[in-house]
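# Structural overview for review
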Amino acid sequence: QLARIQTDSVVERLRELYPRFLFEIAVAMSTTGDKILDTALSKIGEKSLFTKELENALERNEVDLVVHSLKDLPTSLPPGFTIGAVCKRENPLDAVVFHPKNCGKTLSLLPEKSVIGTSSLRRAAQLKKKFPQLEFRDIRGNLNTRLKKLDEKEDFSAIILAAAGLKRMGWENRIGQLLSPEDCLYAVGQGALAVEVRAKDQEILNMVSALHDADTVLRCIAERAFMKHLEGGCSVPVAVNTILKDGQLYLTGAVYSLDGSDSLKETMQTNVSYPQQNEDGPNDDVQHVGITAKNVPGQAQEAAESLGVELASLLLSKGAKHILSVARQLNDAR
C-alpha cells in the first residue's frame, strides 16, 4: 500500500507537468524482500532485495521508471541505471508507535523489559545504548502488517518506524514520539523518494529531472557517499543527519556496534552555494553515487559527495572499520 501511495504521488506530479503524456502504473510487483518475512533484513543480504525485480522490468523496457524509497537503493546501481529524480524529502526522522495500552507514554516512561519492535540494526544499536532497560526484537512485514502485529498482540510495547511512511499512509496520528537526531540518527536517504530510470534514456531522464529537489539531492548525495565509502549496508549500523542552511551543508555520520556500546560519530560541513552553470556536453550525465541531477549545480554535487567521503575517511581513521567488521561478523553469526 505504501509503495502504491508513493508511486501515485510521483505519477500525479508528472501528469501535472506533462499533461500531453499518458502515464500508466503498469504493475505493482512483489520483490524478494517483500516475500521473505520470517528473517531479519540484515540476514538476507544487501539492499537489492527490494529493487532487483523492478530493475529487471526496467531493463526489459516493460516499464520506463520505477519509484523507490531512496533508503532501499544500494549506493552503487547496476550498470545502465541511474536515479533520475530525488523528490523533496518528507520528515526523515524515526517515530515510535505505541501499543494502545501505552498511549501517551514515551520510550523513557515504558516499564523495564518492555519489548520494542524494529527490524533495523541502526535503530536498535542507538536505542539500546540510550534505553538499556528496554528489549529490542525483530519485527518484519509492511507497515500494515507491523501495526497489526503491534495492536492485536501483546508481544510489543511499541515499534519504531520511519515517520515519512506513516505520514504518507495518513497515519500521522499513530506517532507517539518523534526521535530527534540526538536520540536516533536516521538512515541514509530516509524520507526521500527516488525515481530510477535507464541511464541512456535521455527523454525520460529529462522528463523526470523536473522532480528533483535540489536541497534533498545534495543532502542525499552526501549521505550516500558517506555510506558507500564506509561500505555500509543493511547488515551494519550506519546512521546520518544532514542540514542545509545558508549555503552550508552539515553532515553528521556515525557507526555503531550491534549493542550500541561502541560508536564513532563526527560532523563536518562544506559550502554548496554554487551557481548553475551551462553544463551541456559530455559531462551532463555525470552520476554522483548513482544520482543524475542535471538541474543541480555540478560543483555543489561534487562538494556534497566529497563531504560524505571525507567524513567516512575521518571515521575510518578513528577505527570505524573495526566496529563495522565486528558488527557484520556478529550479525552473520546470529
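Here is what the cut-offs are and how they apply
Residues numbered from 1 in each chain as written. Predicted model: local features only at pLDDT ≥ 70, side-chain atom pairs only at ≥ 80, totals over all residues. Heavy atoms only, no water. UniProt positions renumbered as here; feature names shortened; annotations may be inferred. Buried < 20%, exposed > 50% of the residue type's maximum accessible area, 1.4 Å probe, protein only. Helix = DSSP H or I, 4+ residues; strand = E, 2+ residues; numbered from the N terminus. Pairing = 2+ DSSP bridges. Axes fitted to C-alpha atoms, helices over the stretch in contact; angles between N-to-C directions. Left-handed = near helix turned anticlockwise from the far one by under 90°. Contact = heavy atoms within 4.5 Å. Nonpolar A, V, L, I, M, F, W, Y, C, P; charged D, E, K, R; others polar.

In the annotation of an unreviewed UniProt entry, the chain is listed under the name Porphobilinogen deaminase and assigned to Brachypteracias leptosomus. The record held by UniProt for the chain lists under Subcellular location (unreviewed entry) the comment "Cytoplasm, Cytosol". What UniProt states about the chain under its Catalytic activity (unreviewed entry) heading is, verbatim, "4 porphobilinogen + H2O = hydroxymethylbilane + 4 NH4(+)".

Bringing the pairing of strand E8 (residues 193–198) into the picture now. In terms of burial, E8 is largely enclosed, as six of its six residues are buried. Direction of pairing for strand E1 (residues 65–69) relative to E8: antiparallel, over a ladder of five bridges. From the neighbouring strand, Val66 faces E8, where its bridge partner is Glu196. Bridge count for strand E2 (residues 81–86) against E8 is five bridges, and the pairing is antiparallel. Paired with Val86 across the bridge in E8 is Ala194.

Our focus in this paragraph is the packing of helix H8 (residues 214–230) against helix H9 (residues 298–317). The axes of two packed helices give the description: the angle between them and the distance between them. Their axes nearest at 7 Å, the elements H8 and H9 cross at an angle of 35 degrees. Crossing angle aside, the handedness with which H8 passes H9 is right-handed. Where H8 approaches H9, its residues Leu218, Ile221, Ala222, Ala225, Phe226, His229 and Leu230 are matched on the opposing element by Ala300, Gln301, Ala304, Glu305, Leu307, Gly308, Val309, Leu311, Ala312, Ser313, Leu315 and Leu316. Of the residues that constitute the contact of H8 with H9, the class distribution is 14 nonpolar, four polar and one charged.

What follows is about the environment of Ile159. Inspection of the secondary structure puts Ile159 in strand E6 (residues 158–162). A residue is classified by how much of its surface remains accessible, and Ile159, at 0% relative accessible area, is buried. Spatially, the C-alpha atom of Ile159 lies 9.2 Å from that of Phe136, the residues being 23 residues apart in sequence.

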